[in-house]
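For reference, the chains in residue letters:
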Amino acid sequence: MSDLEQQFTAFRQRSDQVLLGYIAELPLNQSEMVAAMRHSVLQGGKRLRPFLVYATGQMLRLELNSLDAAAAAVECIHAYSLIHDDLPAMDDDDLRRGQPTCHIKFGEANAILAGDALQTLAFSILADAPMPDVTMRDRLAMLSELASASGAAGMCAGQALDLQAEGQQIDLTALEQIHRYKTGALIRTAVRLAVLAAGESGRHLMPQLDHYADAIGLAFQVQDDILDVIGETEKLGKRQGADQQLGKNTYPALLGLQQAQQKAQALQQQALASLQPLTAQGYDTAVLRALASFIVERDR
């Protein structure tokens, strides 16, 4: 197992434990709705967004217990978005991470409610959970950042643009706009939450880390589109070719497979270049650099 895989495992286990703790404290804990929340949050996945919170925070020399709330909150938002994205009114998917999607397992009404509840749980965690060494000013900035990235100025805007583009031929600029909102906004916010938790010592690094996050966020989507063409259902945990069958606008569809792969590689290099000034200042960027490579080399 590589060092990066060990880090993924450690951070995934930590964020899962934290999330389980918050869900265990909810009232009506044995209800179908809470079971649906638990299923959707803990059904696997890479935990990329919590990983980015922890890895960026460690680079900025923060203790992990100051990052737990942010890592859990951003994963709650991500999980809620996947529940709603899979619904019949949206992508109508029946498989997620190799398991039945939330509405298939628990019914559409419980899936909608579970998504709503995970969204609000994210802000409850970020508002109330212990965050040692994080000032109230920085906590409020983190709340504002997550709200902006999750709603009409971020992820939801991307979802709306994606739905609007279905059945239409769009150009590369329009496709990148969709994914900078739909996928990229929450990835950038995962990095920003750690930066904001670090306070003044981290804020001056925001421009470089924004460039890094923007590059890996778009690279992640390009690689997802590539895997929809060449990946295996068993590894992907969802139906291979689903985007093609739905006639979705993807990078391979617009650019061709080879050019899409070249674009992913170019974005990886942009991400690595954005970290060079931080490395020169003495920050340990090894994990973030390894992540940029992993994103375009993964097969799931």
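So, how was this worked out
- Residues numbered from 1 in each chain as written.
- Predicted model: local features only at pLDDT ≥ 70, side-chain atom pairs only at ≥ 80, totals over all residues.
- Heavy atoms only, no water.
- Helix = DSSP H or I, 4+ residues; strand = E, 2+ residues; numbered from the N terminus.
- Expected span 1.5 Å × (residues − 1).
- Buried < 20%, exposed > 50% of the residue type's maximum accessible area, 1.4 Å probe, protein only.
- Axes fitted to C-alpha atoms, helices over the stretch in contact; angles between N-to-C directions.
- Parallel < 35°, antiparallel > 145°, perpendicular 65-115°, else oblique.
- Left-handed = near helix turned anticlockwise from the far one by under 90°.
- Contact = heavy atoms within 4.5 Å.
- Nonpolar A, V, L, I, M, F, W, Y, C, P; charged D, E, K, R; others polar.
- Salt bridge = Lys/Arg side-chain N within 4 Å of Asp/Glu carboxyl O.
- Disulfide = S-S within 2.5 Å.

**Some remarks on helix 10 (residues 184-197)**
- Here helix 10 contains 14 residues, and its C-alpha end-to-end distance of 20 Å stays within 8% of the 20 Å for a straight helix at 1.5 Å per residue.
- When you tally the buried positions in helix 10, you get twelve out of 14 residues, the bulk of the element.
- The set of residues buried in helix 10 consists of Gly 184, Ala 185, Leu 186, Ile 187, Thr 189, Ala 190, Val 191, Leu 193, Ala 194, Val 195, Leu 196 and Ala 197.

**Here we look at the packing of helix 12 (residues 206-230) against helix 16 (residues 257-280)**
- Direction vectors running N to C along helix 12 and helix 16 enclose 160°, while the axes themselves pass 8 Å from each other. With respect to helix 16, the element helix 12 is oriented roughly antiparallel. Crossing of helix 12 over helix 16 shows left-handed handedness. Of helix 16, the residues touching helix 12 (which contributes Gln 208, Leu 209, His 211, Tyr 212, Ala 215, Ile 216, Leu 218, Ala 219, Val 222, Gln 223, Ile 226 and Ile 230) are Leu 257, Ala 260, Gln 261, Lys 263, Ala 264, Leu 267, Gln 270, Ala 271, Ser 274, Leu 275, Pro 277 and Leu 278.
- Looking at the contact of helix 12 with helix 16 residue by residue, the class counts come to 17 nonpolar, six polar and one charged.

**Overview of the pattern of salt bridges**
- Counting across every chain of the model gives 15 salt bridges.
- Notably, a salt bridge pairs Arg 47 with Asp 16, separated by 2.8 Å at the nearest N-O pair. Within this pair, whereas Arg 47 is found in the loop between helix 2 (32-41) and helix 3 (48-59), its partner Asp 16 is found in helix 1 (residues 3-24), the two being separated by 31 residues in sequence. No difference in accessibility class separates Arg 47 from Asp 16, as the two residues are buried.
- Between Arg 96 and Asp 86 there is a salt bridge, with its nearest N and O atoms 2.8 Å apart. Of this pair, Arg 96 sits in strand 1 (residues 95-96) while Asp 86 sits in the loop between helix 4 (68-85) and strand 1, and the two are ten residues apart along the sequence. One exposure class covers both Arg 96 and Asp 86, and it is buried.
- Residues joined in a network through salt bridges with shared partners are Arg 137, Asp 138, Glu 200 and Arg 203.

**Structural notes on the environment of Ile 178**
- One can find Ile 178 in helix 9 (residues 172-182).
- The spacing of Ile 178 and His 204 is 26 residues in sequence and 28 Å in space, taken between C-alpha atoms.

**Points about the state of the cysteines**
- Going through the model one piece at a time under the given rule, you end up with zero disulfides.
- Free cysteine: Cys 76, not disulfide-bonded; nearest cysteine sulfur from Cys 102 at 13 Å.
- Left without a disulfide partner, Cys 156 is nearest to the cysteine sulfur of Cys 76, which lies 15 Å away.
- Among the residues examined, Cys 156 registers a relative accessible area of 31% and is labelled partly exposed.

**Looking at the environment of Ser 124**
- Secondary-structure assignment places Ser 124 in helix 6 (residues 108-128).
- Judged by its relative accessible area of 36%, Ser 124 falls in the partly exposed class.
- In this structure, the C-alpha to C-alpha distance between Ser 124 and Ser 2, residues 122 residues apart in sequence, is 35 Å.

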